[in-house]
Amino acid sequence: MKENKIINRWTVLLGAIVVWILVYFNLQPIADWIIDDLVGMKEGAHLTETLRFFIFEVPKVLLLLVLIIYGVGIVRSFFSAEKTRQALAGKSLFTGNVMAALLGIVTPFCSCSAIPLFLGFVEAGIPIGVTFSFLIAAPMVNEVAVIMLLGLFGWKVTLIYVGTGLAVAIFSGWLIGRLKLERYVMDWVFDVKVGELASEETKLSWSKRLESGWESVKEIVGKIWIYVVLGIAVGAAAHGYVPEDFMATLMGKGHWYSVPLAILIGVPLYSNAAGIIPIVSVLIEKGVSLGTALAFMMSVIALSLPEVIILKKVLKMPLILAFVGIVSGGIILVGFIFNWIY
Amino acid sequence: MEIKVLGTGCAKCKKVEEICKEVVAELGVEATIEKVEDIRAIMGYGVMRTPGIVVDGEVVLSGRLPKKEELRTWLSK
């Protein structure tokens, strides 16, 4: 009886994947059929192209979100903050930074846990520079950002974003470590005693893992789908109505100030990847250069005012300024390099 | 029974407190529910990811929202 249930679960999963593939790879013909044949709109008109973009991109991105978040949810069930802490304890500066940034991607983590995590890491003797690499990479290279990039920009830009995002996290943390800024951590932080760590179950059965994948789909997609739809709606409107090269004069690659300007706009702007990436994808189409767009996305996603306010509980002002300054500096560098290459 | 909800005040933590109250009322057990917001106290329980739930001094959950049936088993011991 129990065995039947497990076989059923796998059959359902397999069936779902087949349906997913069939729908995903036929979205363009379906969208074209709805616009051209079913509704019979005039090809090339502003409204037609806006709607075509919207009808194609929304299901595409939502399908990607469901599939990848499901997969990531399963992968994450193998990791925990406690294991990561153990892995990072006693690592030297540079190796520690690289590991911390990589673990930042896969360790389940929500920004409201930033403080307890910070305290737990410090107590384990993990250098603050390594801790920062984790705290920078975790929001910057999150699964939602990766999916949105994959859906709207393709795999090349996604790889560039992930690679440079990791590099910024690694080197910012490394630099914070080298500058020996420990004295700007609130004094009470070093007195915190962490009780014996609660070992959240990471030895799970496969059906539990599949279930936790589904749980994260419900939680994350349930929360962000509205931003995806709104972001793509704004993007679709711009796609249809804003003239080509409209942004090129202001944010094109010929202007060195476009990168710092993008970051100045991006840091105070607090949005999630789901809402901002569709808009950025259209900015590029209208003449904003890739480096500038990357820098803008990174600063919106990785640096945010609410996060800084949370960190203020455990860090003194000079360290907060150093953190924001170094990460912004890294992002500016990324922007310049890509504007120069492309 | 003594239930403590560990959390620094994020939306999830408030939700956990609500669920606890519901389940306690449903089961009709004698229990006190206390919200622990002091970060040092939370760390003292060894919880690095909020929200957390402590039942009679034992950490039963950290880092996610509990399901109602899970809470029922923890609270009916």
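Residues numbered from 1 in each chain as written. Chains lettered and ligands numbered in written order. Predicted model: local features only at pLDDT ≥ 70, side-chain atom pairs only at ≥ 80, totals over all residues. Heavy atoms only, no water.

Undergrad: Could you clarify how one ought to interpret the overall build of chain B in this entry?
TA: A count of helices and strands for chain B gives three helices and four strands. Order of helices (α) and strands (β) in chain B, N terminus to C terminus: β-α-β-α-β-β-α. Scaling as 2.2 N^0.38, a compact globule of 77 residues should have a C-alpha radius of gyration of about 11 Å, and chain B matches this with 11 Å. Taken along the three principal axes of its C-alpha coordinates, chain B extends 30 × 25 × 15 Å. Residue burial in chain B is summarised as follows: out of 77 residues, 45% are buried. Counting only contacts in chain B whose residues sit at least 6 apart along the sequence, the fraction spanning at least 24 positions is 64%. If you sum the accessible surface of chain B, you get close to 3600 Å²; carbon and sulfur atoms cover 47% of it. Averaging the locations of the 13 positively and 13 negatively charged side chains of chain B gives two centres separated by 7 Å. (Helix = DSSP H or I, 4+ residues; strand = E, 2+ residues; numbered from the N terminus. Rg over C-alpha atoms; globule rule 2.2 N^0.38 Å. Buried < 20%, exposed > 50% of the residue type's maximum accessible area, 1.4 Å probe, protein only. Contact = heavy atoms within 4.5 Å. Areas by Shrake-Rupley, 256 points an atom, 1.4 Å probe, with all protein chains shown as cover. Lys, Arg positive; Asp, Glu negative; His and termini not counted. Charge placed at Lys NZ, Arg CZ, Asp CG, Glu CD.)

Undergrad: Could you clarify how one ought to interpret the pairing of strand 3 (residues 52–55) of chain B in this entry?
TA: Put simply, side chains in a regular strand alternate between the two faces of the sheet. All names here are of chain B. Here strand 3 shows no split at all, with G52 and V54 on one side and I53 and V55 on the other all buried. Two strands pair when backbone bridges link them, and strand 3 and strand 4 (residues 58–62) are joined in this way by four bridges, in the antiparallel orientation. If you follow V54 over to strand 4, its bridge partner there is V59. The turn joining strand 3 and strand 4, which pair antiparallel and follow one another in sequence, is formed by two residues; a positive phi near 45° is taken by D56. (Pairing = 2+ DSSP bridges.)

Undergrad: Can you walk me through the packing of aromatic side chains in this structure?
TA: Ring pairs (aromatic) are described by centroid distance and by the angle formed between their planes. Applying the stated criterion across every chain yields a total of seven aromatic pairs over all chains. Their ring planes at 85° and their centres at 5.1 Å tell us that Y24 of chain A and F25 of chain A sit as a pair that is edge-to-face. One aromatic cluster is present, built from ring pairs that chain together W20, Y24 and F25 of chain A. When the ring centre of F78 of chain A is taken as origin, the NZ or CZ atom of R209 of chain A, which lies over that ring, is 3.7 Å away. When the ring centre of W188 of chain A is taken as reference, the NZ or CZ atom of R40 of chain B above it lies at 4.5 Å. (Phe/Tyr/Trp six-rings, centres within 6.5 Å; stacked < 30°, edge-to-face > 60°. Lys NZ or Arg CZ within 6 Å of the ring centre and 35° of its normal.)

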